[in-house]
Amino acid sequence: MSVSVRIPTILRTYTGGNAEVSGEGATLRDVLAKLDSDYPGIGARILDESGKIRRFVNVYVGEEDVRFANGLDTPAPEGTQISIIPAVAGGC
């Protein structure tokens, strides 16, 4: 199943500068594994050592934040857009 993956600026060094790449997989976990296979090293920037999404990275499948869905087991239907968005912190 083919999906599109939006890559944030900070991770585009892994994708040759591409802001969007295609991915494959039935679940987000599958898509991220394929993404790391195609663009070595990018997976470690998205997932921590225990294989969970890093706390400062937000991932959306379509319009849904996967933290409030099924996490890495969130289905990734064909044609879906997956967005990887680094968290932004601020303060006064």
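Here the structure is a predicted model, which means the values were calculated and not measured. (Residues numbered from 1 in each chain as written. Predicted model: local features only at pLDDT ≥ 70, side-chain atom pairs only at ≥ 80, totals over all residues. Heavy atoms only, no water.)

Undergrad: I keep staring at the overall build of the protein and nothing clicks. Help me out?
TA: Within the protein one finds two helices and five strands. In terms of C-alpha radius of gyration, the protein reaches 12 Å, essentially the compact-globule figure of 12 Å for 92 residues. With respect to the three principal axes, the spread of C-alpha positions in the protein is 45 × 30 × 25 Å. When the 92 residues of the protein are sorted by exposure, 36% land in the buried category. Long-range contacts, defined as pairs at least 24 residues apart, comprise 53% of the intrachain contacts of the protein with a sequence gap of at least 6. (Helix = DSSP H or I, 4+ residues; strand = E, 2+ residues; numbered from the N terminus. Rg over C-alpha atoms; globule rule 2.2 N^0.38 Å. Buried < 20%, exposed > 50% of the residue type's maximum accessible area, 1.4 Å probe, protein only. Contact = heavy atoms within 4.5 Å.)

Undergrad: What's the story with the nonpolar core in this structure? I'm lost.
TA: When a protein is soluble and globular, its nonpolar side chains tend to lie buried together. Core analysis: the biggest nonpolar cluster contains 20 residues, and Val5, Ile7, Leu28, Leu35, Ile46, Ile82 and Ile84 have the highest contact counts within it. For this core, the secondary structure elements donating two or more residues are β1 (2-6), α1 (28-38), α2 (42-46), β3 (57-61) and β5 (81-86). Ranked by the residues each element gives to this core, the list is headed by α1, at four residues. Beyond its immediate stretch of four places on either side in the chain, Val5 contacts Ala19, Glu20, Val21, Gly23, Val31, Leu35, Ile82 and Ile84. (Core = buried A, V, L, I, M, F, W, Y, C linked by side-chain atoms within 4.5 Å.)

Undergrad: Can you help me understand the sheet that holds β1 in this one?
TA: A sheet is described by the order of its strands in space; here five strands give the open sequence β2-β1-β5-β3-β4, paired in mixed fashion. Every interior strand has two partners, whereas the edge strands, β2 (20-24) and β4 (64-65), have only one. Pairing analysis gives five bridges linking β3 to β5, with the strands arranged antiparallel. Residue pairing across strands places Tyr60 opposite Ser83, the latter belonging to β5. (Pairing = 2+ DSSP bridges.)

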